[in-house]
Amino acid sequence: MGSTARVAVFSLGGTIAMTPGTPGGGVVPALTADDLVAGLAGVPVELVTRDFLRVPGSALTFADLIELEGAVRREVDGGADGVVVTQGTDTIEESAYVLDLLWGGDAPLVVTGAMRNPAMAGADGPANLLAAVRVAGSPAARGLGCLVVFNDQVHAARWVRKTHTSNPAAFVSPEYGPLGHVAEGRVSIPLRTARGPLITPGPERNVRVGLVTVALGDDGEAVRALGERCDGLVVAAFGVGHVPAGMVPAIAEVAARLPVVLASRTGAGPVHEWTYGYAGSERDLLGRGVVSAGRLDPLKARVLLHLLLASGAGVRQVAEVFAQVAGSGS
Ligand code: ASP
């Protein structure tokens, strides 16, 4: 790396890039990557900009992100020291983890966005982008996979969650906290996280992974229906991994045919393995071939399962990779 880091900014749209579409109408993605970086004059980084997409976060797909990772790779091969992706916050928990599972390079790959659009008082986009650019250009951020930078905090893509609809402090890592911070323009990342597995999806594989949140009195019909139409299923269960006893036959039936992953709907903490022994408990479900998500939340578990299936993995490999990722915090 030369003395001035070169950082490529890929803009995908999202609130950070939104302005009112019609007088009196709502905001829509409009700003370019050049518009976004215009306020960063004076940052000691060489910036290059790429308009990749101009969409809300809700419009992003796995295919978009696979293509984006290819573009990031080309940018880094061409000399970028780090990359920033700006996008809608609605899907950052998932998109950043997709990128983390695809991106094998050492160069920092940093995702950010904004909770308040540029027309609002206290818009957070410029500060988030500035911090993200500093992180992407920092040697301290190398080798950490994909990072999410918001509110001057640096989060590992694997653990970060969006926990509020509108608060600028929405992004937190409930399991382990942020890896680092940006203060007075300096990037400090005292905590390291080991890289997770890297996944190479097959070129043509179309995969559908269902996600069911278990709710009071659930009878398993939704699981049965999804089992007919999906290649894999994530069950976001109660507490440490529990479902009503009436759901167990449906889950067992589906798990005999497809990978079914058991996560917790609580938002933090691991799925347990051996504490409870009644029908519908974690012991019961794991004994029926269901795979534990460990500490991965249901959205991250769905991303991991999707990419594993898209890479051609079978049930055994799915179980092995989840065992490796899910328990250890690595
Ligand atoms: N609320 C979203 C955002 O923060 C909208 C989106 O995801 O595009 O960008």
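Residues numbered from 1 in each chain as written. Predicted model: local features only at pLDDT ≥ 70, side-chain atom pairs only at ≥ 80, totals over all residues. Heavy atoms only, no water.

**Describing the overall build of the protein**
Here is step 1: When you go through the protein residue by residue, the secondary structure sums to 9 helices and 16 strands.
Here is step 2: A globule of 330 residues ought to have a C-alpha radius of gyration of about 20 Å, and the protein, at 20 Å, matches this closely.
Here is step 3: The principal-axis extent of the C-alpha atoms belonging to the protein is close to 60 × 45 × 40 Å.
Here is step 4: Classification of the 330 residues of the protein by burial places 52% in the buried group.
Here is step 5: At a minimum sequence separation of 6, the contacts of the protein that also span at least 24 residues come to 71%.
Here is step 6: If you sum the accessible surface of the protein, you get close to 13700 Å²; carbon and sulfur atoms cover 51% of it. (Helix = DSSP H or I, 4+ residues; strand = E, 2+ residues; numbered from the N terminus. Rg over C-alpha atoms; globule rule 2.2 N^0.38 Å. Buried < 20%, exposed > 50% of the residue type's maximum accessible area, 1.4 Å probe, protein only. Contact = heavy atoms within 4.5 Å. Areas by Shrake-Rupley, 256 points an atom, 1.4 Å probe, with all protein chains shown as cover.)

**A word on helix α6 (residues 248-255)**
Residue pairs three or four apart in sequence face the same way in an α-helix, which turns once every 3.6 residues.
Here is step 1: By the burial criterion, the buried members of α6 are Val248, Ala250, Ile251, Val254 and Ala255. For α6, the buried positions fall inside an angular range of 165° around the axis, keeping them on one side.
Here is step 2: Structurally, α6 contributes buried residues whose contacts are with α5 (221-229), β14 (232-237), β15 (260-264) and α7 (282-286). (Arc of directions from axis to C-beta.)

**Considering the nonpolar core**
Here is step 1: Of all hydrophobic cores here, the largest spans 83 residues; its most connected members are Phe10, Val84, Leu129, Val135, Leu296, Leu304 and Phe322.
Here is step 2: Broken down by element, the residue count for this core peaks at 8 residues, all from helix α8 (residues 298-310).
Here is step 3: Beyond its immediate sequence surroundings of up to four residues, Leu296 is in contact with Tyr97, Arg158, Trp159, Ala263, Ala301, Leu304, Phe322, Val325 and Ala326. (Core = buried A, V, L, I, M, F, W, Y, C linked by side-chain atoms within 4.5 Å.)

**Some details on the side chain of Ser264**
Here is step 1: Relative to the elements of secondary structure, Ser264 occurs in strand β15.
Here is step 2: Looking at Ser264, the relative accessible area reads 6%, which means it is buried.
Here is step 3: Looking at Ser264, its side chain comes within polar contact range of the main-chain oxygen of Gly239, at 2.6 Å.
Here is step 4: Within the structure, Ser264 has its side chain in polar contact with the side chain of Thr266 (distance 2.8 Å). (Polar contact = N/O pair within 3.5 Å; in protein donor to acceptor, adjacent residues only side chain to side chain.)

**Considerations on the environment of Arg54**
Here is step 1: When you line up the elements, Arg54 lands in strand β4 (residues 45-55).
Here is step 2: For the pair Arg54 and Gly210, spaced 156 residues apart in sequence, the C-alpha separation works out to 27 Å.
Here is step 3: Setting aside anything within four residues of it in sequence, one finds Arg54 in contact with Leu12, Gly13, Pro29, Ala30, Leu31 and Thr32.

**Some thoughts on helix α4 (residues 125-136)**
Here is step 1: Helix length check: α4 (12 residues) gives 16 Å between terminal C-alpha atoms against 16 Å at 1.5 Å per residue, within 8%.
Here is step 2: Among the residues of α4, those classed as buried are Gly125, Asn128, Leu129, Ala131, Ala132, Val133, Val135 and Ala136. (Expected span 1.5 Å × (residues − 1).)

**A word on the packing of aromatic side chains**
Here is step 1: Tallied over the entire structure, the rule returns 4 aromatic pairs.
Here is step 2: When the ring of Phe150 is compared with that of Phe171, the centres are 4.3 Å apart and the planes differ by 20°; the resulting orientation is stacked. Pair noted here: Phe150 is in strand β7 (residues 146-150) and Phe171 is in strand β10 (residues 171-172), with a separation of 21 residues, a long-range link. For the pair Phe150 and Phe171, one class covers both residues: buried. (Phe/Tyr/Trp six-rings, centres within 6.5 Å; stacked < 30°, edge-to-face > 60°.)

**Focus: unusual backbone geometry**
Here is step 1: Located in the positive-phi region is Asn151, a residue other than glycine, with phi close to 55°.
Here is step 2: Mapped onto the elements, Asn151 comes out in the loop between β7 and β8 (153-156).
Here is step 3: On the basis of relative accessible area, Asn151 is assigned to the partly exposed category, the value being 41%.

**Quick word on the site of the ligand**
Here is step 1: In the vicinity of the ligand, the contacting residues are Gly14, Thr15, Met18, Pro56, Gly57, Gly88, Thr89, Asp90 and Ala114.
Here is step 2: Within the side chain of Asp90, a nitrogen or oxygen atom sits 3.1 Å from a nitrogen atom of the ligand.
Here is step 3: Within the complex, the protein chains bury 86% of what would otherwise be the 260 Å² of accessible surface of the ligand.
Here is step 4: Tallied by class, the residues present in the shell around the ligand amount to 3 nonpolar, 5 polar and 1 charged. (Near = heavy atom within 4 Å. Nonpolar A, V, L, I, M, F, W, Y, C, P; charged D, E, K, R; others polar.)

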